[in-house]
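# Reading the structure
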Amino acid sequence: MMSRANHLFTLLFPTLACLALSAGMASAADVKPAAAPAQAAMPPAPPPPPPAAAAPAAEPAPKKAAPAKRAAKPKAVPMPHWSYHGSDGPDNWGKLHASYGLCDSGKQQSPIDIRGSIGVDLPELRFNYAPSRFSVANNGHTLEVTYPAGGSLTFATKTYQLVQFHFHRPAEEKIEGKSFEMVAHLVHRDAQGALAVVAVLMTVGAENPFIQALWNHIPLAAGQAMASAADVSIDLNRFMPKERQLYNYMGSLTTPPCSEGVQWFVFKEPVEVSPEQLRTFARLFPNNARPIQPTHDRLIKESRGRVR
Ligand SMILES: [Zn+2]
């Protein structure tokens, strides 16, 4: 499993993380696992198991500019390279390393084709994001954005802190067989290490200023990151679709180690991005989507009625 230190370091210093990545480390294009505990923590009540989890909790400090050097140590934990094609592609992730086993054997894997949901009055998903400067990293699997101002989301009684967000093309999840051009995954973690990912689907349309601000900071090479100038900021609130109806189900990370116990929130309404913006991402990542995984009769909830 991915070391916490590495994870933290990935959060704080994407660039370095990426270098480590190109050195053969486990990467984290997607959500980095909050360690195994994320899973265990999910099911019923809050008090989560602490084993390897103790530390991840200390993690929600993506803003603190901790010493980069010190974080570089986790390189000692080499994880096999994985990709979206060929021998180290999705079909073989589970065989690449013992800690990737769930990619093969898991019963709550993501992404899924969302079907057969039950309509209920879901609690409102509340976002508390502030405008922030940001940094865009090319970690070799996706563009991953860190957002120093952080922010959180609250769902019913649980609050999760924003960790990072990143993109996939095409969108990984489908809705009743329908696919979308791209998706953004906003990764959040609660104090116990449990993960919640918000998926914002993206479709072709008008230019999206939020996305353009990010694309303006695409690093020139994989393994690098580009930070915005102090006076350049983005506001995640402006990226969210107007309609807040969503699907909610349990799933996993969509990249190795495919850890489960991840709470997913997928907005029904996509946001628009221009053809040029799509092409720009495709130039870097023509296909970085894991194929659809079996649902195994999972319960999927769907907002009923209008949710502002
Ligand atoms: Zn993702």
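See the structure shown above.
Below is a short write-up of the structure. (Residues numbered from 1 in each chain as written. Predicted model: local features only at pLDDT ≥ 70, side-chain atom pairs only at ≥ 80, totals over all residues. Heavy atoms only, no water.)

### So, the nonpolar core
- In terms of nonpolar packing, the biggest core is built from 40 residues, with Phe165, Phe167, Leu186, Leu214 and Leu236 touching the most fellow members.
- Here this core gets 5 residues from one element, more than from any other, and that element is helix H7 (residues 209-215).
- When residues no more than four places from it in sequence are discounted, the contact partners of Leu236 are Tyr129, Tyr147, Leu162, Phe165, Leu186 and Phe210.
- Listed in part, the 19 residues of the second largest apolar core include Val163, Phe180, Val197 and Val262. (Core = buried A, V, L, I, M, F, W, Y, C linked by side-chain atoms within 4.5 Å. Buried < 20%, exposed > 50% of the residue type's maximum accessible area, 1.4 Å probe, protein only. Helix = DSSP H or I, 4+ residues; strand = E, 2+ residues; numbered from the N terminus. Contact = heavy atoms within 4.5 Å.)

### Points about helix H8 (residues 275-284)
- Among the residues of H8, those classed as buried are Gln277, Leu278, Phe281 and Ala282. Within H8, the buried residues cover an arc of 135 degrees as seen down the axis, which keeps them to one side. Among the exposed residues of H8, those pointing more than 90 degrees away from its buried face are Glu276, Arg279 and Arg283. (Arc of directions from axis to C-beta.)

### Let's talk about the environment of Thr157
- The topology assignment puts Thr157 in the loop between strand S6 (151-155) and strand S7 (158-168).
- Measuring from C-alpha to C-alpha, the distance between Thr157 and Pro123 comes to 9.6 Å, with 34 residues separating the pair along the chain.

### Here we look at the environment of Ala98
- By secondary structure assignment, the location of Ala98 is in the loop between helix H5 (93-96) and helix H6 (102-105).
- The spacing of Ala98 and Met79 is 19 residues in sequence and 9.9 Å in space, taken between C-alpha atoms.

### Focus on the pattern of salt bridges
- Inspection of the entire model under this criterion finds 7 salt bridges.
- Note that Arg115 and Asp113 form a salt bridge whose closest N and O atoms lie 2.8 Å from each other.
- One salt bridge in this structure joins Glu302 and Lys268, with 2.6 Å as the shortest N-O distance. Of this pair, Glu302 sits in strand S15 (residues 301-303) while Lys268 sits in the loop between strand S13 (260-267) and strand S14 (271-273), placing them 34 residues apart in sequence. (Salt bridge = Lys/Arg side-chain N within 4 Å of Asp/Glu carboxyl O.)

### Focus: the state of the cysteines
- Applying the stated criterion to the full structure yields 1 disulfide.
- The disulfide bridge from Cys103 ends at Cys258, spanning 2.1 Å between sulfur atoms. Disulfide Cys103-Cys258: torsion about the S-S bond near 95 degrees, hence right-handed. Taken together, the residues Cys103 in helix H6 and Cys258 in the loop between strand S12 (246-252) and S13 connect sequence positions 155 residues apart. (Disulfide = S-S within 2.5 Å.)

### With respect to the packing of aromatic side chains
- Applying the stated criterion across every chain yields a total of 14 aromatic pairs.
- Ring geometry for Phe165 against Phe167: centres 6.2 Å apart, planes inclined by 80 degrees, an arrangement best described as edge-to-face.
- With relative accessibility at 0%, the residue Phe165 sits in the buried group.
- Taking the relative accessible area as the measure of exposure, Phe167 reaches 0% and is therefore buried.
- Aromatic rings pair up to connect Tyr147, Phe165, Phe167, Phe210, Trp215, Phe239, Phe281 and Phe285 into one cluster.
- Over the ring of Phe180 we find Lys178, and its NZ or CZ is 4.9 Å from the ring centre.
- Seen from the ring of Tyr247, Lys268 lies directly overhead, with NZ or CZ sitting 5.5 Å from the centre. (Phe/Tyr/Trp six-rings, centres within 6.5 Å; stacked < 30°, edge-to-face > 60°. Lys NZ or Arg CZ within 6 Å of the ring centre and 35° of its normal.)

### Considering unusual backbone geometry
- The peptide bond linking Ser110 to Pro111 adopts the cis configuration, its omega dihedral lying at 5 degrees.
- Counting through the fold element by element, Pro111 comes out in the loop between H6 and strand S1 (113-114).
- A cis amide bond, omega -10 degrees, links Arg169 with the succeeding residue Pro170.
- Here Pro170 shows up in the loop between S7 and strand S8 (174-175).
- Even without being a glycine, His296 presents a positive backbone phi close to 55 degrees.
- Relative to the elements of secondary structure, His296 occurs in the loop between H8 and S15.
- On the accessibility criterion, His296 (43% relative accessible area) is partly exposed.
- A positive phi angle, close to 60 degrees, is found at Asp297, a residue other than glycine.
- Within the element layout of this structure, Asp297 appears in the loop between H8 and S15.
- Look at Asp297 and you get exposed, because its relative accessible area is 76%.

Keep in mind that these numbers describe shape and distance, not what the molecule does.
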